[in-house]
Amino acid sequence: MTPLLIILAAIVLLVIGYMTYGKWLTKEWGVDPNRTTPAIELEDGVDYVAAPPQVLMGHHFSSIAGAGPINGPIQASVFGWVPVFLWCVIGGIFFGGVHDYGALFASVRHGGKSIGEVIGDSMGPRTKKLFTIFALLVLILVIASFVNVVAGTFATAADLNQSGIVSNPNGNQTTAMISALFILLAIVYGILTNKVGMKTGPATVIGIIGIIVAVIIGMNVGLAVGRTPWIIVIGLYITIASLIPVWIMLQPRDYLSSFLLYAMMAVAVIGIIIAAFTGSAEFQIPTFTGFNNEKLGYMFPTLFITVACGACSGFHSLVSTGTSSKQLDKENHAQAIGYGSMLIESALGVISLIAVGMVFNKYTAGEFGSPAVAFASGIATMFGTDTSSVYKTIYSLLTLAVSVFALTSLDTGTRLSRFMFTELFLKEGEASYKDAKGGRAILAHPLFGTIVMVLIGCVLGGLSLSQIWGLFGAANQLLAGLALMSVAAWLGDIGRNNKMFFFPMAFMLVATLTSLVLTIVKKFQGMAAGTLTGPMWGHWFQLVFAIAMVVLAVILVKEGLNHFSKQKKA
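Residues numbered from 1 in each chain as written. Predicted model: local features only at pLDDT ≥ 70, side-chain atom pairs only at ≥ 80, totals over all residues. Heavy atoms only, no water.

Draft legend 1. Up close: the overall build of the protein chain. Of regular secondary structure, the protein chain possesses 22 helices and 4 strands. Relative to the globule expectation of 25 Å for 570 residues, the C-alpha radius of gyration of the protein chain, 22 Å, shows essentially globular dimensions. With 570 residues in all, the protein chain has 59% of them scored as buried. As displayed, the protein chain offers around 21600 Å² of accessible surface, 67% of which is attributable to carbon and sulfur atoms. Treating the 31 positive side-chain charges of the protein chain as one cloud and the 25 negative ones as another, the clouds have centres 5 Å apart. (Helix = DSSP H or I, 4+ residues; strand = E, 2+ residues; numbered from the N terminus. Rg over C-alpha atoms; globule rule 2.2 N^0.38 Å. Buried < 20%, exposed > 50% of the residue type's maximum accessible area, 1.4 Å probe, protein only. Areas by Shrake-Rupley, 256 points an atom, 1.4 Å probe, with all protein chains shown as cover. Lys, Arg positive; Asp, Glu negative; His and termini not counted. Charge placed at Lys NZ, Arg CZ, Asp CG, Glu CD.)

Draft legend 2. Geometry of the side chain of Gln335. Tracing the sequence through the fold places Gln335 in helix 14 (residues 334-357). Classification of Gln335 by relative accessible area gives buried; the value is 9%. Non-local contacts of Gln335, meaning those with residues more than four positions away in its chain, are made with Tyr18, Gly22, Lys23, Thr26, Tyr101 and Gly340. (Contact = heavy atoms within 4.5 Å.)

Draft legend 3. Structural view of the packing of aromatic side chains. This model, assessed by the stated rule, comprises 29 aromatic pairs. Each ring, one from Trp81 and one from Phe85, has its centre 6.1 Å from the other, and the planes form 70°; the classification is edge-to-face. Of this pair, Trp81 and Phe85 both sit in helix 5 (residues 81-108), 4 residues apart, which is roughly one turn of that helix. Given the relative accessible area of 10%, Phe85 is considered buried. One aromatic cluster in this structure is built from Tyr18, Trp29, Tyr101, Phe105, Tyr339, Trp490 and Phe501. For Lys326, the ring lying beneath its charged end belongs to Phe419, and the centroid distance is 4.2 Å. (Phe/Tyr/Trp six-rings, centres within 6.5 Å; stacked < 30°, edge-to-face > 60°. Lys NZ or Arg CZ within 6 Å of the ring centre and 35° of its normal.)

Draft legend 4. Region of the structure containing the layout of surface pockets. Empty space within the second largest pocket amounts to approximately 760 Å³. For the second largest pocket, the lining is made up of 29 residues, of which Tyr48, Lys113, Leu426, Ala431 and Ser432 are closest to its centre. Looking at the lining of the second largest pocket, the elements with two or more residues in it are helix 6 (115-123), helix 7 (125-154) and helix 17 (389-424). For the lining of the second largest pocket, the element with the highest residue contribution is helix 17, accounting for 4 residues. Grouping the amino acids of the lining of the second largest pocket by side-chain chemistry returns 10 nonpolar, 6 polar and 13 charged. (1 Å grid on protein atoms, 1.4 Å probe; cavity = no way out; pocket = protein on both sides within 12 Å on 5 of 7 lines; lining within 4 Å. Points joined across faces, edges and corners; volume = space filled by probe spheres on them. Nonpolar A, V, L, I, M, F, W, Y, C, P; charged D, E, K, R; others polar.)

Draft legend 5. Summary view of the pattern of salt bridges. Under the defined criterion, the tally for this structure stands at 7 salt bridges. Connected via shared salt-bridge partners are Arg35, Arg109 and Glu331. (Salt bridge = Lys/Arg side-chain N within 4 Å of Asp/Glu carboxyl O.)

Draft legend 6. Structural detail: a nonpolar patch on the surface. On the surface, Val205, Ile209, Val213 and Ile217 cluster together to form a nonpolar patch covering roughly 320 Å² of accessible area. With respect to the helices, strands and loops of the structure, Ile209 is situated in helix 9 (residues 200-220). (Patch = residues over 30% accessible without salt bridge, like charges linked within 9 Å, V, L, I, M, F, W, Y side chains within 5 Å.)

Draft legend 7. Layout of unusual backbone geometry. The omega torsion of the bond from Phe300 to Pro301 falls at 10°, within 30 degrees of zero and hence cis. Along the chain, the position of Pro301 falls in helix 12 (residues 299-306). In this structure, Asn168 is a non-glycine residue whose phi angle is positive, near 50°. By secondary structure assignment, the location of Asn168 is in the loop between strand 1 (164-167) and helix 8 (171-196). Not every positive phi belongs to a glycine, and Ala308 is a case in point at roughly 50°. Considering the arrangement of structural elements, one finds Ala308 in the loop between helix 12 and helix 13 (314-322).

Draft legend 8. Representation of the environment of Ser258. Structurally, Ser258 can be placed in helix 11 (residues 250-278). Residues Ser258 and His60, 198 residues apart in the sequence, show an inter-C-alpha distance of 9.1 Å. Discounting chain neighbours no more than four positions away, the residues touching Ser258 are Gly58, Ser62 and Phe405. Engagement of the side chain of Ser258 in a polar contact is seen with the backbone oxygen of Tyr255, the distance being 2.5 Å. (Polar contact = N/O pair within 3.5 Å; in protein donor to acceptor, adjacent residues only side chain to side chain.)

Draft legend 9. Structural detail: the packing of helix 10 (residues 227-243) against helix 17. At their nearest, the axes of helix 10 and helix 17 sit 8 Å apart, and the two run at 55° to each other. Regarding the angle of helix 10 to helix 17, the classification is oblique. For helix 10 against helix 17, the interelement crossing comes out right-handed. Where helix 10 abuts helix 17, its residues Ile234, Tyr237, Ile238, Ala241, Ser242 and Leu243 lie against Leu407, Leu410, Asp411, Thr414, Arg415 and Arg418. (Axes fitted to C-alpha atoms, helices over the stretch in contact; angles between N-to-C directions. Parallel < 35°, antiparallel > 145°, perpendicular 65-115°, else oblique. Left-handed = near helix turned anticlockwise from the far one by under 90°.)

Draft legend 10. Local environment of the side chain of Ser486. Mapped onto the fold, Ser486 is located in helix 20 (residues 466-493). There is a polar contact of 2.8 Å between the side chain of Ser486 and the backbone oxygen of Ala483. Apart from residues lying up to four places away in sequence, Ser486 is in contact with Ile115, Val118 and Ile119.

Draft legend 11. Geometry of helix 19 (residues 446-462). Over its 17 residues, helix 19 runs 24 Å from end to end, which matches the ideal 24 Å to within 8%, given 1.5 Å per residue. Taken together, the buried positions of helix 19 are occupied by Pro446, Gly449, Thr450, Met453, Val454, Gly457, Cys458, Leu460 and Gly461. For helix 19, the arc enclosing every buried residue in end-on projection is 165°, short of the 170-degree limit, so these residues lie on one face. Along helix 19, exposed side chains directed more than 90 degrees from the buried face belong to Leu455 and Val459. (Expected span 1.5 Å × (residues − 1). Arc of directions from axis to C-beta.)

Draft legend 12. Just the confidence of the model for the protein chain, in detail. With 98% of its residues at a pLDDT of 70 or more, the protein chain has an overall mean of 91. The lowest-confidence element of the protein chain is helix 17, averaging 85 in pLDDT; the highest-confidence one is helix 5, averaging 98. (pLDDT = per-residue confidence, 0-100.)

Draft legend 13. Structural detail: the state of the cysteines. Under the definition given, this model contains 0 disulfides. In this structure Cys309 is a free cysteine whose sulfur lies 9.3 Å from that of Cys312, the closest cysteine sulfur available. Judged by its relative accessible area of 0%, Cys312 falls in the buried class. (Disulfide = S-S within 2.5 Å.)

Draft legend 14. Expanded view of the environment of Gly271. As for its placement among the helices and strands, Gly271 is situated in helix 11. Expressed as a C-alpha distance, the spacing of Gly271 and Ile451, which sit 180 residues apart in the sequence, is 44 Å.

Take a look at the structure:
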């Protein structure tokens, strides 16, 4: 019965948070439903394309979710279920929701520009450049991490000696086939709704039927390709996907993918109810295991870095200000898309916590290759034993859903890097790369920025460096603290209430800077003692990257404090 009470408590608290705190934020910030949004005013058919709220909700939710709210809470579960539950719920309502909603609203009021433009508006072009460089470093980690994950979930092992289309596929081959069919289905949906003129409702029905057909095909016929070829294919795909109009790929793909995630969450809740009344699975996570874990370290700052997307994530601010703000048709839809999506993701984090609770003893014993596998196994266990056909079917579908969302976050992250790379080389008053002169016209060109970021990301992702994941968590959360700071500075400048940002901002900055400093100290100690394993250049990469992050963050925080001081005096 404990898991059922946990999920019910989470849903009730998150709904109350949305209806009360979310509406209060809308009022305090002056959200205006009658104000023309950038998607309407600057419509260009490529990046600025107004989307129906349910379609944009699907894009935004799919992009910010990825594997984060599954991996993070499961890894942090070793501290006990109470700390993770509290951070997912409290963090979602008062930290992540404010962060995501604030970033989306600020970008809408800045012509759909990135969070770098928001911070530049308040603190000047120098601060904007530094923040943009910081964000690009984070996006390199995003691309590298998800290239590694997606290639790993698609690839056929070399010793299987298979290639091309195969029957009786294994899990990876099935996932690869369904993901490929998803891309084709998205293109068809985009054409139906944007060129043929079909309404969203009928097109959605066709899309859902297409998803079912794709899953059936993928269960019977798979794609067998090795890891390196998949990295090349993924690189080509994300390059193209980041450059073509959003209505062709980004909007429809993410919208249709969101139905997989909604279905995944519904199946999980049904499983929790079944387990509560039949006792088909036992919740095994202790309430609290202590402030220090032998593998992860101290609960502060580790818990708040590890849970990440389940409570607060800097990557969300890049999605909010990179793609979602360019597709928002009315300002009053921002609460549901920005704040609401974050709270749904917090609910997914709690579901992930419950899922691993059903197989916690096996998880801590190291029986699962990844948190995603533990998640699928935990939910499937609620429906039957691991030898039953129901277990195997649910396990396969859940594994597929997690993989689909990793690819969704990847192509969104690549598009975001294109926007920010271009902004880095534009001068004040230049609206696009077409206005730039000389060498800057080349550097600011969308194709140039995309190719550079994809090449770096694919090379790092192809190396499968474990250090990338270690850096991503802290860098991602540090970005959240800086994004909170930038939105707070802008709201203060326009005379709006920004006090709700100060505690989340300070907490995230302290937690993440502490984590990065600890990482730097450990690397120096390991190098001095000669105890580090793996390629040394990988450890040097992590060390230099962490130092660069800390230096940039300290400079940006100093600029922010000076700005808040001036606001107070004014």
